[in-house]
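Report on the structure
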Amino acid sequence: MFNEVLLTPMTALKGIGKETAQQLADLRIETVYDLMYTFPYRHEDFRLKDLTETPHNERVTVEARIEREASVMFLGKGKSRLQVHIFVGRHLVKAVFFNQAYLKQKLTIGSVVTITGKWDQGRQTINGTHVHFGPKTDQIDFEPVYSLRGTLQQKRFRTFMRQALSEYGHALVDVLPVDARMQYKLVDVRAGLEGIHFPQTAEHAKQARRRFAFEELFLFQLQIQALRKKRRDDEVGKVMKYNNEQLKAFIASLPYELTNAQKRVVNEICRDFLTPYRMNRLLQGDVGSGKTVVAAITLYAAVTAGYQGALMAPTEILAEQHVESLQAWFAPFNVRVALLSGSVKGKTRRELLAELANGDIDILIGTHALIQPDVVFHNLGFVITDEQHRFGVEQRRILRDKGESPDVLFMTATPIPRTLSITAFGEMDVSIIDEMPAGRKPIETHWVKKEQFGAVVQKLENELLQGRQAYAICPLIEESDKLDVQNAVEAYEQLRELFRGRFEVGLMHGRLTPAEKDEVMRDFSEGKLHILVSTTVVEVGVNVPNATFMVVYDAERFGLAQLHQLRGRVGRGEHQSYCVLMADPKTDEGKERMLSMTETNDGFALAQKDLELRGPGDFFGKKQSGLPEFKVADLVHDYRALEVARDYATALVQTDAFWQSDEYAPLRQVLAKSGVLDGERID
Ligand code: ADP
Ligand code: MG
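Conventions adopted
- Residues numbered from 1 in each chain as written.
- Chains lettered and ligands numbered in written order.
- Predicted model: local features only at pLDDT ≥ 70, side-chain atom pairs only at ≥ 80, totals over all residues.
- Heavy atoms only, no water.
- Helix = DSSP H or I, 4+ residues; strand = E, 2+ residues; numbered from the N terminus.
- Contact = heavy atoms within 4.5 Å.
- Near = heavy atom within 4 Å.
- Polar contact = N/O pair within 3.5 Å; in protein donor to acceptor, adjacent residues only side chain to side chain.
- Areas by Shrake-Rupley, 256 points an atom, 1.4 Å probe, with all protein chains shown as cover.
- Nonpolar A, V, L, I, M, F, W, Y, C, P; charged D, E, K, R; others polar.
- Pairing = 2+ DSSP bridges.
- Axes fitted to C-alpha atoms, helices over the stretch in contact; angles between N-to-C directions.
- Core = buried A, V, L, I, M, F, W, Y, C linked by side-chain atoms within 4.5 Å.
- Buried < 20%, exposed > 50% of the residue type's maximum accessible area, 1.4 Å probe, protein only.
- Right-handed = clockwise from strand over helix to strand, strands pointing away.
- Salt bridge = Lys/Arg side-chain N within 4 Å of Asp/Glu carboxyl O.
- Expected span 1.5 Å × (residues − 1).
- Disulfide = S-S within 2.5 Å.
- Parallel < 35°, antiparallel > 145°, perpendicular 65-115°, else oblique.
- Left-handed = near helix turned anticlockwise from the far one by under 90°.
- Phe/Tyr/Trp six-rings, centres within 6.5 Å; stacked < 30°, edge-to-face > 60°.
- Lys NZ or Arg CZ within 6 Å of the ring centre and 35° of its normal.

On to the environment of Val84. Inspection of the secondary structure puts Val84 in strand S4 (residues 79–88). Non-local contacts of Val84, meaning those with residues more than four positions away in its chain, are made with Ile66, Arg68, Ala70, Val93, Lys94, Ala95 and Leu107.

Written out as structure tokens, the structure reads:
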């Protein structure tokens, strides 16, 4: 881009008429620039290999001498199979070509050819795809293969590409700053494009790939960082001068000492309060890492600064648990905490809203009920959403808009690998609690076959006899899926039968009304139920420290992140906890997931593993990915490049030169084109 010449339409190239132009347009290739930035998805490797060292089914290129005349078998419908005996070095093998009977004349006895194809070791046969008449010398090593459609041939496409690069390559403008290219030893755009399409060597291809991976990550980061800077400059928040003495007294009054990680994130958040920028921060902390107390401390900071705070939780049970915790912690202090949920109604609700509006309530905790239009704050300064992925962008925005640019903190227990959080939440600051409170016993996790159910029941009973409680989790792929509810119902009936007259079993699934769910949950947390059979609705935040045993049915149907979330329901109290995964995974990936679960309790390690096993696209699930699609960059392996690109972009947008000097004009054009500078939001 950035040079009009590159916008030359494809029809300007030799051999492109209307029809071809249309075929190219279907691939979104309309200009020479589009063409050059259409990258091959792989290269055919024509390097000579040693046949004796080639594994079965691998592609190979060899030089061969024709030993015998080729024989052709006609298979009907114009199909044919040509077979020829060849010498590769001193080995006599066969080569087979389909539907290329015309080769028979050209494969003369004694002549030398270069053949490429898949090596069938058992049959000692190369299933040929390419043949070149003569030795290898005058042939290229790597040939690009593009993702094309219809009748457009690879060979023709390659000639267009060659022509475009040789006739228009001079017009390319490198968007990467010279300094960045020098610093990170990246080839320039022209060499890069040559190398990504027509590499001379494997190293050439690698350097080209490296450059474009960096370019993609850098341009993406630049958009994010420019947006961040723009937001900071535009929407000036307020400085919240909290009372440090009061805050210290509160922390000292807590029933335990904060972990170092908790202290660190409290400091990060409080530092944001003191700046005039509006906080936009993500707090990541594994299940049980103690995010609630961090929320309490920082909400209190806002209160001591004379502001109100709000905490939004995804379920009523969670909201109630938060209220309970906070009211207990704030009891000795003069802080009013109130609960607003769907079940707060009528006169109670009216009074509560009045107290909220006149500032008598300091901290409001609740569910979606918080974002109803008639909920009006006196001066909302700080907003927290717990389990942020449960809320849509719109809901978070409404809550934020209830204050005058309040500071915002999102809490999530879903550990997200670093590369993904930099990419998906790049415009946020990220705080991480990467340490568990001391004395927490790691959950013992076992993987068993489904036929071992009897042994699982024994272990379960053992725990119940010691006064503990247990979860039995059944998969739920879709809320609406009847079959899944069925699974839970069956498991429920089976367990009820097994423990009849001795232990109480409850059932929880997505088909229950919120009131029914709450009742079941309450019975379980009060110990009236000993076993809770549930679909994954139990996943979020529920805290029953007496539950020490979890069995997961059909565990192979869950992703790693979800299994880890589920497992976090146990191991919350003083007793040793257990998690049993019943699974007969069919795939290697499935087996690896089960093994990973038994090997570590570290959510970040599991998240990284999940990313490697499933790839970035699937990591967040379909619903909320927020990830850009990269052509070259790979979020699993290119994290070093990502960090470098981010740091460079972050520093660059802070310089005046970036916004003014000609050198950066191409980059500013990229930003202008992406709409970032018009204040378009990425989240
Ligand atoms: P999560 O991060 O999953 O929301 P919670 O805030 O519910 O975790 O905390 C889990 C449990 O750990 C709670 O019972 C909480 O009181 C306790 N806890 C939190 N911080 C500490 C700490 N520093 N020392 C000991 N226990 C703690
Ligand atoms: Mg929590």
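Here the narrative resumes, following the displayed structure.
Contacts to ligand 1 come from 15 residues, most closely from Tyr256, Gly288, Lys291, Thr292 and Arg440. One of the side-chain N or O atoms of Gln262 is found 2.9 Å from a nitrogen atom in ligand 1. Gly290 is positioned such that a nitrogen or oxygen atom in its backbone is 3.1 Å from an oxygen atom of ligand 1. For ligand 1, whose unbound accessible area comes to 560 Å², protein coverage reaches 79%. Considered class by class, the residues forming the shell around ligand 1 number 4 nonpolar, 6 polar and 5 charged.

Turning next to the sheet that holds strand S9 (residues 280–285). Pairing is parallel across the open sheet formed by 7 strands, whose spatial order is S11-S12-S10-S13-S14-S9-S15. Since the sheet does not close on itself, it has two edges, and those belong to strand S11 (337–340) and strand S15 (429–433), each with one partner. Pairwise comparison of adjacent strand axes, ignoring direction, gives a mean angle of 20° for this sheet. Direction of pairing for strand S10 (residues 308–312) relative to strand S13 (residues 380–385): parallel, over a ladder of 5 bridges. Note that in S13 the partner of Met312 across the bridge is Thr385. Packing against the sheet, helix H10 (residues 291–304) makes contact with S9, S10, strand S12 (363–366), S13, strand S14 (407–412) and S15, and its axis sits at approximately 170° to S13. On the sheet, helix H11 (residues 316–330) packs against S10, S11 and S12 and is oriented at approximately 170° with respect to S11.

Counting 64 residues, the largest nonpolar core has Leu35, Met36, Leu193, Phe218, Leu222 and Leu667 as its most contacted members. For this core, the secondary structure elements donating two or more residues are helix H1 (18–26), helix H2 (32–36), helix H4 (154–168), helix H6 (189–197), helix H7 (202–234), helix H14 (418–424), helix H22 (639–653) and helix H24 (665–674). For Leu222, the residues in contact, after removing those within four places along its chain, are Ala649, Leu652, Val653, Phe658, Leu667 and Leu671. Val294, Ala296, Ile297 and Leu326 belong to the second-largest nonpolar core, a separate cluster that totals 42 residues.

So, about the pairing of strand S18 (residues 505–508). Burial of S18 is two-sided: the residues Val505 and Leu507 facing one way and the residues Gly506 and Met508 facing the other way are all buried. By the bridge criterion, 4 bridges tie S18 to strand S19 (residues 531–534) in an arrangement that is parallel. Residue Val505 lies in a different strand from S19, and its bridge partner there is Ile531. This β-α-β element, S18 to helix H17 (residues 514–525) to S19, shows right-handed connectivity.

Counted under the stated rule, the structure contains 31 salt bridges. Arg264 serves as the salt-bridge partner of Asp434, at 3.7 Å between the closest nitrogen and oxygen. A residue pair is termed long-range when its members are at least 10 positions apart, and Asp434 in the loop between S15 and strand S16 (444–448) and Arg264 in helix H9 (residues 260–274) qualify at 170 residues. The class for Asp434 is exposed, based on a relative accessible area of 53%. Linked by salt bridges that have partners in common, Arg264, Glu268, Asp272, Arg281 and Asp434 make up one network.

Moving on to H4. Residues three or four positions apart in an α-helix share a direction because the helix packs 3.6 residues into each turn. Its 15 residues place the ends of H4 21 Å apart at the C-alpha level, agreeing with the 21 Å of an ideal helix rising 1.5 Å per residue. Considered for burial, the residues of H4 that qualify are Phe157, Arg158, Phe160, Met161, Gln163, Ala164, Leu165 and Tyr168. In this structure, the buried residues of H4 make contact with H1, H2, strand S8 (142–145) and H6.

Enumeration according to the criterion identifies 0 disulfides in this entry. Free of any disulfide, Cys579 has its nearest neighbouring cysteine sulfur in Cys474, separated by 13 Å.

Excluding glycine, most residues fall at negative phi; most peptide bonds, likewise, are trans. The phi angle at Lys77 is positive, at roughly 50°, despite the residue not being glycine. Of note, Lys77 is situated in the loop between strand S3 (71–76) and S4. The backbone of Asp554 shows a phi angle near 45°, a positive value even though the residue is not glycine. For Asp554, the location among the structural elements is in the loop between strand S20 (547–552) and helix H18 (560–567).

We now examine the packing of H10 against H11. The contact between H10 and H11 brings their axes to 11 Å, and the two run at 55°. Classified by the angle between their axes, H10 and H11 sit oblique to one another. Crossing geometry of H10 relative to H11 is assigned as right-handed. Across the interface between the two elements, Thr292, Val293, Ala296, Leu299 and Tyr300 from H10 touch His322, Leu326, Trp329 and Phe330 from H11.

Time to look at the packing of aromatic side chains. In this structure the tally under the stated criterion is 22 aromatic pairs. Their ring planes at 85° and their centres at 5.9 Å tell us that Phe220 and Phe630 sit as a pair that is edge-to-face. Pair noted here: Phe220 is in helix H7 and Phe630 is in the loop between helix H21 (616–619) and H22, with a separation of 410 residues, a long-range link. With a relative accessible area of 13%, Phe220 lands in the buried category. Cluster of aromatic residues (ring-pair linked, three or more members): Tyr33, Tyr37, Phe39 and Phe212. One residue, Lys238, lies across the ring of Tyr307, its end atom 5.6 Å from the ring centre. It is Lys459 that lies over the ring of Tyr578; its NZ or CZ is 3.9 Å from the centre.

From the geometry alone we can't say anything about function, so treat these as descriptive.
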